Every structure is written in structure tokens, then in C-alpha cells.
Amino acid sequence: MTVWRLAIREIRHRKLSFLMGVISVTTAVACLVGAQTLLRADRVITEHVLQVKQTEVESAIAAKEESVKQAGAELEDAMRKHMKGLGFNILIIPKEQSRSEMLLNGMTATMPESYVDKLGQSRIVTINHLLPSVSQRVQWPEHEREVILIGTRGEVPIQHRGLKKPLLEEVSAGKMVVGYEIQTELDLKVGDTVTFQKQEFTISEVHPERGSTDDVTVWINLKQAQEMLGMQNLINAILALECDCAGDRISAIRAEIEAILPGTQVIEKFSQALARAEARAKAKETAETALTQEKESSQAMLLREEQGRNQLEQQHAVFAAVLVPLVLAGSAVTIFLLALANTRQRTEEIGILCAIGLQTRQIILVFLSKAAVIGIMGGLFGIGLGYWIGWSLGGLSGNSLDWQLLFAAGDLLTTIVAAPFLALAITGIASWVPALLAAQRDPAVVLQGG
Amino acid sequence: MLLSIDGVSRTYTDSDSTVHAVDDVSLQVAAGEFVAVQGASGSGKSTLLLMAGGLLKPDSGHVQVNGQDPYCLKPDARAEFRAQNIGFVFQQFHLVPYLSVLDNILAPALAVSEPETRARARALQLIEQFGLSDRQQHVPAKLSSGERQRAAMARALLNEPKLILADEPTGNLDHNNADTLLGYLSDFATAGGAVLLVTHDDRAVACAQRVVHLQNGRIAEPVVNAVSSRR
Ligand SMILES: Nc1ncnc2c1ncn2[C@@H]1O[C@H](COP(=O)(O)OP(=O)(O)OP(=O)(O)O)[C@@H](O)[C@H]1O
Ligand SMILES: [Mg+2]
């Protein structure tokens, strides 16, 4: 016979009271562990969600960046093509050439042809594809009409860069390229032979309609043109293509050319290519702006998501902070009342145990043993139930998350390990006073009835 | 003298009334003696018995059991003293409801330091002796009144006390069972123990060697039953 056996027998005898005690401890511990599991699950899911979103956003941005890059590459390529089709946009002419005069009557001033070589040998970077030309409005006596005669030679390579693929084929001696109007009016085709100021030329190319003075222009070899116009070793202009450079291009170009060829001026010819390039550049810029906006908005989205999750976590934390102590207190009171009722129920038994000589501490021990059993059983059930509740409510069951993440921070593990001790402490404290009351009860009062 | 009660008084004081339950009572019970205290209901029998058993401190007077005043001991020592020297039997049996007959009988072993096996052997012997062998695993609720009182009697005897204090032990028993129990009490006295029985039952009184009448807390007149008394 032991005090322990006494306690166990009593538990088996009064199952309902014991069960109620266990349930109330289970509730308390389940509430605590459940809340902890839930809060921890919140954190794990938040981290998971944010990570997934971050990855999504990053890959979306990467895709956009890739497409912007491609758009840029396409733009560059397109620019080259258009430049080639529509011609040069930088005109280097002698300083004394009046622009009004030039626009009204064509080129009048001249400069030495050697300028183009000088430019070619320089380390110029802002322009490309140098093309020296002479250009005069002249009479085509054989056909009794006026044309613009342009003499060009092949492109002059810029030394320090090596020869790029030329934009234009050289018009070789004895060959002639004609504009659209002339070609249609004179009914010319490639291979025809024409006479221009008593010299014979073979048509090597006809240009499609451009809607500019090009349509009334004939191109011949520079040397032949110079002789024809009495301008040996002189040229009217150097055409060039500006580099695809950033910034205030035209002033950079002017500064550079001014330094190499002081006797010249630079005019930027408006070209459709330029407009298109600008449009494309604008499009690229727009795409880049869109990319930045995308980045910003996804950053904001991530932030909102995080704030939302944090808010949820905070709500849960506040809820837990209110609910858990409440439930703990409630269970403690319930256990206290149950223990009190138990001691009242056991008055007779306590009286007789006293009479036959059990000591106060043994009586207390009988009650505390029972409290310990309730505490441990309730604690263990509570852990299981609480963990299950936290897991289900925490939304972890739907996720393929590793459950070990829950314990990574360690606080949940601490709670679970501490829970039975806490349950033991609660039941112990709540049962202590009733046990003391029981032990203090005067057996004489009970036994007198006999 | 195994039990010596010397001029004890006990007064119950409520907020509005004072009851002199026991008033200057002296009584001696020697080893081998069976003494009955007879009195009407409310005459102070139970109060006197509890004072004799070290469970209720008298307001005045002295009690000695086996030469020791239990009220001079500290509560824990007094409890152990009770466990070793006194066996109680009550009208209400006061068995522990969730313990089997065997465990009930063994309960007093909790209060003394004695090997479990010895207590167990004696418990089984008492069970045998009191005809409870086929009831030893039953809880009190499944026993008849006679069986319950025999179990209570066996419990009182477990620690081999010198003194048995019985408060109306036959009150809830039929004639046969009452006779059986009284027989056990007589046997205990015959074997050298002291028995103090309080009752208002004339048949119970008939078994005692000496009867003391209690009236309103005072001893009325000494009556010699069988053996000579010493006042
Ligand atoms: N705890 C108490 N408080 C107040 N009065 C009490 C208390 N216990 C007993 N009394 C009173 O003391 C008197 C003696 O009571 P006691 O129980 O000793 O009588 P009794 O002879 O055992 O009676 P019964 O034969 O009915 O058991 C009674 O009048 C009773 O009302
Ligand atoms: Mg009584």
C-alpha cells in the first residue's frame, strides 16, 4: 500500500472528475501550443510566400530586361538599315558657304578634296562613312533639261577604325546612277547608255522614288564630275554618317570637326532615318521606363504582401496574447474548483485516514499525486491537440512545406518541452490550496457522526 | 492502566449557544478490560471517545494512552502514535470507498514504517479470520453491512494496537452481525487488549465487563457488571 496507489485508485474511482481535470489542462496546453504553432506557422508561410513572390518577380523582371535588351539590339540593327537606305545626315561644307545660297541654288563654295583624307586620317570618333562630293545644278544639253549633278567617289576609310562595310558602292568612271524622275522621264533602265555633255555613260543603277531632290539627281564618278565642272581637286561637301552616340551629338561633332578642319562648318541634315531612330530610341526609352515601373511596382507589391502578412501575424499574436492567458487562467480556476470539490467529496475519507494515523504531508501528497497525473496527461494531450490545431489553422497542411521549419527557430520546441511542466505547475498550484484545506480538516467533526 | 482519562471536559461554543458536551469525566481502562460507556443520544459519548483517541483535545483534564499523553505530542507524532496504539471502529464504518477490502485493511500500514510484506501477511490473516476471504478484492459499496464492519474491525487491528475505541459499532448491524462483532471485541480484550465501547445499545453493553453511564456529559453512577471495578 502506498500513497501513489491510493491516488491511482481514487482516479479510477472518480473518473469523471479526473477527466474534467485532464480536459481543462489539455485545453490550456492546447491553447498555448496551438497559438505558438500558429504563430510559428505564420512566420514560416510568410517567409515562403515572400520568397516565392520574390522569385516570380525576379524572373518576370529578368524576362522584361531580356526583351528590352533585344529591342535595343533590334533598334540598332534597324537604324543601320535605315541609315543605309536613306543616306547621310552630316554635311561638312566650307565655312564661307552661305546656307541660304545653298538651299536656293545649291553648293557654291568649294574646299580641297584633301580635306576628306585629312579627316579620314584623323582620330575622329563622332562620324562614320566619309563621302566627298561635288554637287551643281547643271544643264543636260542632250535632253534639254536641268539636273543636279553629283560626283562622288567611294567612301574614304577612317584609318584608325579600319574599313567598315561601305554604305554605298562607288560610282565608277563611265557609270551613272539616276534619280526616279529622270529615269521615268527619259525612260531609262540599267544598262542603257546615255550621253551627258558629250560624254558617254552607262546606267548602273536607278533609285526608287524618294520625293526629294534625289529624284532629279544624276550621280557620276567624282573625278569625271570635277573635270566636267572645272573643279579639279575641289569638292563642295563631305557627307558623313553620325555615330550612334549619346548626348548632345551635334555639338560634339562640330567641336571635333572644327578641330581637324578649321575652314569648315557642319550641318545636320534632317533625315527620316533620324526620325525613325528617334522614334525607336523613344520606344526603347519607353520600354526601359516600363521596366523601371515594373520593378518599382513589383517591389511595392512585395512590400504590400509583406505588410499584409505582418499584419496578419500581428493580429494572430495579439489574439494569442489575449486568449492564451485567459484560457490558462480559466483552466487554473477550473482545476482549482475541481480540486476543491474533490476535497469536499473526500471529507470522510480524509477524516478516517487522519484517524488511522496518516500524516498531513501524506494527505497532501495524495492530492498532489492526483494533480500530477492530471497535469502530465493533460500536458501530453494538450501538446498533441495544440500542435494539430496550430498545424491545421496555420495553413501548413495544404503546403508542401517541411514541418521541421516550424522548429527551426527553437521557440516552439521550447514551448512543447516546457508545456508539461507548465501544466504540472498550473495543476500543482491550483490543487495546492484545496489539498492543504483537506489536510487541515478536523477529523473529529467527520467521525463524530458515528 | 492502558487508557486513563482524568477529569476531561469539552465545551462546544457556537455563536449563540454553549454546549458542555463532556464535563469533568474520569475513566480508566486496563489491559484486558472491555468497558462500555452507555448514554442517550447527545450525552457526549462520541466526544469522549474522540478525546480518548487523541483526535479531539479536551478543554481541560488529561488523557493518557499506554502511559503517554497524545496531546503533548506534535501533530505528526500524534498521528503516528495513534497508528501504533489505537484502533477505531465506527458506526458508519468509514471505509475508503475506492479501495478494495484488502487495501482498506492495509491503509493503516501507510502510517507506520513496516515492511509491506509483513503488513500484507497480517491483513490476509485478518481477512481469513473475519471470513472476508472471498470479498478481499471488493470495494465497500459491494459489501453487506456486516462485512463492512468486519473489514473496519480488521483495519483497526492491522497495526496490532493496545486499545480499541468503538463508537456505536453495532448501530448499523443486525443481531447476528452485531453479536459477531461484539464477539471479536471480547476476543481482543481477552487477548490482552483494552476496549472502550460507547453505545446506547443494551445488548452491546451486556458484553462489557464494566459499564459507565453518561448523562449530559457527566458520569451518572458506576455499575459493576462482572469483574470488580476500581474507581
Ligand atoms: N462540533 C460540534 N459543535 C457543536 N456542538 C456539538 C458538536 N459535536 C457535538 N456537539 C454537541 O455536543 C453534544 C454531545 O455530542 P456527542 O456527539 O458527543 O453525543 P453522542 O452521545 O455521541 O450522541 P449520539 O448517540 O447521537 O451519537 C451534543 O449535544 C451535540 O449537539
Ligand atoms: Mg455519537
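One can find the structure itself at the top, above this paragraph.
Quick look at the structure, then. (Residues numbered from 1 in each chain as written. Chains lettered and ligands numbered in written order. Predicted model: local features only at pLDDT ≥ 70, side-chain atom pairs only at ≥ 80, totals over all residues. Heavy atoms only, no water.)

Quick notes on the overall build of chain A
- When helices and strands are tallied, chain A shows 13 helices and 11 strands.
- Counting across all 450 residues of chain A, residues that qualify as buried make up 45%.
- By sequence separation, contacts in chain A at least 24 residues apart represent 81% of the contacts at least 6 residues apart.
- Total accessible area computed for chain A in this model is approximately 22,900 Å², and 58% of it derives from carbon and sulfur atoms. (Helix = DSSP H or I, 4+ residues; strand = E, 2+ residues; numbered from the N terminus. Buried < 20%, exposed > 50% of the residue type's maximum accessible area, 1.4 Å probe, protein only. Contact = heavy atoms within 4.5 Å. Areas by Shrake-Rupley, 256 points an atom, 1.4 Å probe, with all protein chains shown as cover.)

Comments concerning the interface of chain B and chain A
- In this complex, chain B contributes 31 residues to the contact, which on the side of chain A involves 30 residues.
- Summed over both partners, the interface of chain B with chain A buries about 2,700 Å², with 59% contributed by carbon and sulfur atoms.
- Among the residues chain B hides against chain A, the three largest losses belong to His94, Tyr98 and Leu110 of chain B. Together they make up 30% of the total.
- At the junction of chain B with chain A, the criterion picks out 1 salt bridge.
- Linking Asp103 of chain B and Arg5 of chain A is a salt bridge whose minimum nitrogen-to-oxygen distance equals 3.0 Å.
- Put simply, chain B and chain A have 9 residue pairs in polar contact (both at pLDDT 80 or more) between them.
- Taken together, the elements giving at least two residues each to the side of chain B that touches chain A come down to helix 1 (45-52), helix 2 (75-85), strand 5 (86-90) and helix 3 (101-106) of chain B. (Buried area = accessible area lost by both parts, 1.4 Å probe. Salt bridge = Lys/Arg side-chain N within 4 Å of Asp/Glu carboxyl O. Polar contact = N/O pair within 3.5 Å; in protein donor to acceptor, adjacent residues only side chain to side chain.)

Looking at the pattern of salt bridges
- All told, the structure shown has 23 salt bridges over all chains when counted by the stated rule.
- Between Glu305 of chain A and Lys53 of chain A there is a salt bridge; the shortest N-O distance is 3.4 Å. Of the two residues, Glu305 of chain A is situated in helix 8 (residues 272-345) and Lys53 of chain A in helix 2 (residues 15-86); the sequence distance between them amounts to 252 residues.
- On the basis of relative accessible area, Glu305 of chain A is assigned to the partly exposed category, the value being 25%.
- By relative accessible area, which is 23% here, Lys53 of chain A ends up partly exposed.
- The salt bridge partner of Arg210 of chain B is Glu33 of chain B, with a shortest N-O separation of 2.9 Å. Placement of Arg210 of chain B in strand 8 (residues 210-215) and of Glu33 of chain B in the loop between strand 2 (18-29) and strand 3 (34-39) is noted, with a sequence separation of 177 residues between them.

Describing the environment of Val138 of chain A
Residues and elements named next belong to chain A.
- Positionally, Val138 belongs in strand 3 (residues 127-140).
- A relative accessible area of 12% means that Val138 is categorised as buried.
- Separated by 11 residues in sequence, Val138 and Leu149 place their C-alpha atoms 6.6 Å apart.

Focus: the packing of aromatic side chains
Residue and element names in this part refer to chain A.
- If you walk through the whole model with that rule in mind, you get 4 aromatic pairs over all chains.
- When the ring of Trp140 is compared with that of Phe196, the centres are 5.0 Å apart and the planes differ by 50 degrees; the resulting orientation is tilted. Taken together, the positions of Trp140 in strand 3 and Phe196 in strand 6 (residues 193-196) put the pair 56 residues apart, joining distant regions of the chain.
- Lying across the ring of Phe367, Arg346 places its NZ or CZ 4.4 Å from the centre. (Phe/Tyr/Trp six-rings, centres within 6.5 Å; stacked < 30°, edge-to-face > 60°. Lys NZ or Arg CZ within 6 Å of the ring centre and 35° of its normal.)

Thoughts on the sheet that holds strand 10 (residues 237-242) of chain A
Residues and elements named next belong to chain A.
- Spatial strand order, 6-7-5-8-4-3-10-1-11: 9 strands in an open sheet with mixed pairing. The open sheet has two free edges, formed respectively by strand 6 and strand 11 (264-268), since each of these has just one partner strand. Recorded for the sheet is a direction-independent mean angle of 35 degrees between the axes of neighbouring strands.
- Pairing geometry for strand 3 and strand 4 (residues 145-152), over 8 bridges, is antiparallel. Across the sheet, residue Gln139 finds its bridge partner in strand 4, namely Glu146.
- Sitting on the sheet, helix 4 (residues 114-121) is in contact with strand 1 (90-94), strand 3, strand 10 and strand 11, with an inclination near 165 degrees to strand 3.
- Across the sheet, helix 7 (residues 249-260) touches strand 1, strand 3, strand 10 and strand 11, and the angle it forms with strand 11 is around 160 degrees. (Pairing = 2+ DSSP bridges. Axes fitted to C-alpha atoms, helices over the stretch in contact; angles between N-to-C directions.)

Looking at the nonpolar core
All names here are of chain B.
- Counting residues in hydrophobic clusters, the biggest one holds 99 residues, and the most contacted among them are Leu3, Leu48, Met153, Leu165, Leu185 and Leu196.
- In terms of residues, this core owes the most to one element, helix 6 (residues 175-190), which gives 7 residues.
- Discounting chain neighbours no more than four positions away, the residues touching Leu48 are Ile5, Val8, Val22, Val25, Leu27, Val37 and Leu214. (Core = buried A, V, L, I, M, F, W, Y, C linked by side-chain atoms within 4.5 Å.)

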